[in-house]
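Residue-level listing of the chains:
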There are 2 protein chains.
Amino acid sequence: MRDSWSGSDLHLELDPARKRRAALESALRTAIQDGRLTAGTLLPSTRALATELALSRGTVTAAYDQLAEEGFLTIRPGSGTRVADIPQTPAPPPAVLTEPPAHDLRPGRPAAGTFPTRAWLAATRRVLHHAAHATPDPQGQLELRTALAAHLGRTRGVRTDPTRIVVTSGYHQAVTLLAHVLRQNGVRTTAYEDPGHNAYREAVQRGGLTTTPLPVDARGAQVESLTTEKAVFLTPSHQYPLGVPLHPHRRRAIRTWARSTGALIIEDDYDGEFRYDRQPIGALQALAPDHVVYAGSISKTLSPNLRLGWLALPHHLVSPFVQAKEEADTHTETLTQLVLADLIASHAYDRHIRACRLRYSRRRRLLLDRLAAFSHLTVHGVPAGLSTLVTGMNEQQALAVCTTARIALRGLTELHQDPGTSPGGLLIGFAAPSDSAYPAALTALSNALTTGRLN
Amino acid sequence: MRDSWSGSDLHLELDPARKRRAALESALRTAIQDGRLTAGTLLPSTRALATELALSRGTVTAAYDQLAEEGFLTIRPGSGTRVADIPQTPAPPPAVLTEPPAHDLRPGRPAAGTFPTRAWLAATRRVLHHAAHATPDPQGQLELRTALAAHLGRTRGVRTDPTRIVVTSGYHQAVTLLAHVLRQNGVRTTAYEDPGHNAYREAVQRGGLTTTPLPVDARGAQVESLTTEKAVFLTPSHQYPLGVPLHPHRRRAIRTWARSTGALIIEDDYDGEFRYDRQPIGALQALAPDHVVYAGSISKTLSPNLRLGWLALPHHLVSPFVQAKEEADTHTETLTQLVLADLIASHAYDRHIRACRLRYSRRRRLLLDRLAAFSHLTVHGVPAGLSTLVTGMNEQQALAVCTTARIALRGLTELHQDPGTSPGGLLIGFAAPSDSAYPAALTALSNALTTGRLN
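Nothing here was measured: the structure is a model prediction, and the numbers come from that model.

Along its length, chain A carries 13 helices and 18 strands. Taken against the 2.2 N^0.38 rule, which gives 23 Å for 455 residues, the C-alpha radius of gyration of chain A at 30 Å runs more than 25% over that of a compact globule. Summarising its shape, the C-alpha atoms of chain A cover approximately 90 × 55 × 45 Å along the three principal directions. Out of the 455 residues belonging to chain A, those deemed buried represent 59%. For chain A, the proportion of contacts with a sequence separation of at least 24, taken over those separated by at least 6, is 71%. When the 49 positive and 40 negative side-chain charges of chain A are each reduced to one mean point, those points stand 6 Å apart.

Quick look at the structure:
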């Protein structure tokens, strides 16, 4: 390794790993930004500095010119080269890494370690060149829309076609843009399941729409209480967070309501792939394709980190939605789209979902076995999804105990529009921990529930 | 291969590749959706249909129950099972694939075939598991923000740190969210280079901000004409579309203007990596880090299809921007972020840019050689970037000839806020075609320019 050059008067340290001119420029820039070289300081002549640093005079001249062009120096013929007036760089604050929970029982996150790495890499290899060079489509790449139309029809009974599917960067973006489009179409009032997913409800409200609470019970949303709302947000396959499907009578009732009033149903099929005791209920969308926006994503099947979702839209909403998507971010990045299209077409996606279904079904049984020891608790919902709602405790106390034990999960109350109406409860995810971490997480949860009861 | 079962009275075709119950359900669903089984039709008893289709009665009962639950059938004890009232599926319109141009001279698209597929795949293999399971950060994954802070400091002179960098799904989203944040902060008036990038200007306007035209000349934006605007959008390294850097006097003048008025400069460094005759001018941001939002992306270096961009923000804008990002789509997908962080840290990104620089430099020379034959044309800008502005022709005629020849490029006029002020010209991209396609594209362009002159 060579020694550094140094400019003694200027205290310049030249990085020997870089080319001489670049090293000189960098050293001068740093000295100016740090405040070691203050505004107005006269620099040595190019000849003097070249001699001192054993550089060619041309190198120094080029460096001075470069820095003058960038605004760090001012060169005036006859009066030499001076440091310009540049504010100093403050010391950066330290970057913060948040500590992960010891036990991850957050609802809605798929299992660590089940991501189909090998299949994803193989698909990436097949589509990467095309993904980088294909003409992007704000509606979503046609390959993915075609694969999704067939897949959703076969697995969820969705009645659509590639021209009515739009691809988004996850459901959160979809609902944000949809609220914008609905407002453009004159919608102001919507109904939103209560309790329901609060982050999406807030996205609807940010879009300028009201969200009248739509109560839910063991038969799902009480759709008979809908009146003049222009749209309703539902989770009919598996109500979030209660975990029950919408009763067949109510499915028919809401279809009738939508068709007679012209209102829109937004069906968030957020975990419709995961039913463990029987075949999943088909999408509500199939009953009224012209009145239902069907929404899905890979957040529960693959990973929420990859931000990929889709809507099957009534025809008249496709064009305004695609325009909103284009205005927001032009299009969803093409690589994940084409990888997913490949995984669906090769049936690797189906195989992955089947494997997850078996795994999550076992996970849920293990959780329910543990909860059976607590006779005061009520477990809600059908065998489905990635989380289970449990009520019958003091939620605030239970959450405090879980926080102390570094167990991450959700309280029921924050999912209510009016916290005063919540009976209190815990929404416990059973999918996220690794196989090896899951038993310890269940034990920690049991201990917390025991402690919580004693309080 | 087995024969299909068929339900003679109902004309049901059961798919022999599926399980019997699923095949029966699917056949019934299709018949109802197609309108072959109309609303109110009484279905055969489970016993009768089971006999006819050689299925067990339990299979038929389960299928009827499933379809009743989905809303396709109504089962009333004593009155049998009937078809519910379902709208028919219209025939889907054909999906349209747009025809690609024969000669792709669109500005701003990097070369087909230069995407570093091998390095990208290797990085994907290293980061995929982490990308699927990491805790996502709405500001951007810390690995990428750390890599970017070092990279931008070293290659572009940007003075920032990981806490002041935010990651977005491309520059279009960045400017859209930034307009929203500026308006929240009370900004209403901005100045925008004219001519300039019209899509981003429209994004600023959609955010509720005015965009006073800021004229440009051979020394870049005429910043001395700035008055009371609260923000200015600039391309100081390489003005889009003129292709000239902002003159050192003007760099200092706009820094003084921003510091004295408290206004914000948005520096779009869209192709700052690509200067061919000398070292690139460092970022304007370095002169006033508290008054400049520095923006970059991988759209020119890797691919615009992958939607990844970043901002280096003054400290006070970080938190409101991150909130706007979270509200829009929670966060940018993690995989591309971690792949890029890996490519930067392993210097594969630098190597790729150097290779592209050589390639595009040659491409530009070949274009200028062809244009030299047209003495009436003026070529603008310094040797840099991925496109060149040419004036001196009737733009409308030239574009018409190019359209006929299926040459894709851009006219200058659409980049002006007031089309009447445009001298007319063509913005010719030289990066997108493959090596084998480029000579033919140049010949087609030469022919079009010759024809256009004759008109």
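This paragraph deals with helix α2 (residues 46–53) of chain B. All names here are of chain B. Among all positions in α2, only T46, L49, A50 and L53 are buried. Take α2 and look down its axis: the buried residues cluster within an arc of 100°, on one side only. More than 90 degrees from the buried face of α2, the exposed residues found are R47 and T51.

Attention now goes to the pairing of strand β15 (residues 387–391) of chain B. Residues and elements named next belong to chain B. Most of β15 is tucked away, with 5 of its 5 residues classed as buried. Residues S387, L389 and T391 line one face of β15 and the alternating positions T388 and V390 line the opposite face, and both faces are buried. Where strand β14 (residues 378–379) and β15 come together, 2 bridges link them in antiparallel fashion. From the neighbouring strand, T378 faces β15, where its bridge partner is T391.

Moving on, we come to the confidence of the model for chain A. All names here are of chain A. Summary statistics for chain A give a mean pLDDT of 91 and a share of 94% for residues scoring 70 or more. Predicted confidence is poor over residues 1–8, with pLDDT under 50, and the contacts of this stretch with residues over four places away or in other chains come to 19 contacts. If you check the scores for this complex, the pTM reads 0.87 and the ipTM reads 0.87.

Here we come to the side chain of H151 of chain A. With respect to the helices, strands and loops of the structure, H151 of chain A is situated in helix α5 (residues 142–156). You can call H151 of chain A buried: its relative accessible area is 5%.

Residue and element names in this part refer to chain A. Where helix α6 (residues 171–184) contacts helix α7 (residues 198–206), the two axes come as close as 8 Å, and the packing angle between them is 25°. By the criterion of interaxial angle, the relationship of α6 to α7 is roughly parallel. Both α6 and α7 take part in a crossing whose hand is right-handed. Across from Y171, H172, V175, T176 and A179 in α6, the residues of α7 making contact are Y200, A203, V204 and R206. Classifying every residue of the contact of α6 with α7 by side-chain character gives 6 nonpolar, 2 polar and 1 charged.

Taken together, the contact between chain A and chain B spans 82 residues of the former and 82 residues of the latter. Interface of chain A and chain B: buried area, both sides summed, is about 6,900 Å²; carbon and sulfur atoms make up 54% of it. Contact with chain B buries surface across chain A, with E69, R159 and N305 of chain A losing the most and accounting together for 10% of the total. Counting across the chain A and chain B interface gives 6 salt bridges. Salt-bridge contacts for R206 of chain A lead to E327 of chain B; the nearest nitrogen and oxygen are separated by 3.6 Å. Along the contact surface separating chain A from chain B lie 40 residue pairs in polar contact (both at pLDDT 80 or more). Here the side of chain A that touches chain B is composed, by residue class, of 33 nonpolar, 26 polar and 23 charged.

With that settled, consider the sheet that holds strand β9 (residues 220–221) of chain B. All names here are of chain B. Judged by pairing direction, the sheet is mixed, and its 8 strands sit side by side in the order β6-β13-β12-β11-β10-β7-β8-β9 without closing on themselves. Single-partner strands in this sheet number two, and they are β6 (165–168) and β9. Here strand β7 (residues 189–194) runs beside strand β8 (residues 210–217); their pairing, made up of 6 bridges, is parallel. Each residue of the ladder has a partner; that of E193, found in β8, is L214.

Next up on the list: α5 of chain A. All names here are of chain A. Relative to the 21 Å expected for 15 residues at 1.5 Å per residue, α5 spans 20 Å between its end C-alpha atoms, a close match to the ideal helical length. Every buried residue of α5 is listed here: L142, L144, R145, A147, L148, A149, H151, L152 and R156. In this fold, the buried residues of α5 make contact with β6 (165–168), β12 (292–297), β13 (309–312), α10 (334–345) and α11 (348–371). At the exit of α5 stands G157, carrying a positive phi of roughly 70°.

Superposition of chain A onto chain B requires a rotation of 180° combined with a translation of 0.1 Å along the rotation axis, giving an RMSD of 0.1 Å. Taken together, the rotation angle and the small translation identify this as a two-fold axis. Within chain A, the C-alpha atom positioned nearest to the axis of rotation is that of L121 of chain A, 3.8 Å from it.

Cut-offs applied
Residues numbered from 1 in each chain as written. Chains lettered and ligands numbered in written order. Predicted model: local features only at pLDDT ≥ 70, side-chain atom pairs only at ≥ 80, totals over all residues. Heavy atoms only, no water. Helix = DSSP H or I, 4+ residues; strand = E, 2+ residues; numbered from the N terminus. Rg over C-alpha atoms; globule rule 2.2 N^0.38 Å. Buried < 20%, exposed > 50% of the residue type's maximum accessible area, 1.4 Å probe, protein only. Contact = heavy atoms within 4.5 Å. Lys, Arg positive; Asp, Glu negative; His and termini not counted. Charge placed at Lys NZ, Arg CZ, Asp CG, Glu CD. Arc of directions from axis to C-beta. Pairing = 2+ DSSP bridges. pLDDT = per-residue confidence, 0-100. Axes fitted to C-alpha atoms, helices over the stretch in contact; angles between N-to-C directions. Parallel < 35°, antiparallel > 145°, perpendicular 65-115°, else oblique. Left-handed = near helix turned anticlockwise from the far one by under 90°. Nonpolar A, V, L, I, M, F, W, Y, C, P; charged D, E, K, R; others polar. Buried area = accessible area lost by both parts, 1.4 Å probe. Salt bridge = Lys/Arg side-chain N within 4 Å of Asp/Glu carboxyl O. Polar contact = N/O pair within 3.5 Å; in protein donor to acceptor, adjacent residues only side chain to side chain. Expected span 1.5 Å × (residues − 1). Least-squares fit on C-alpha atoms with pLDDT ≥ 70 in both.

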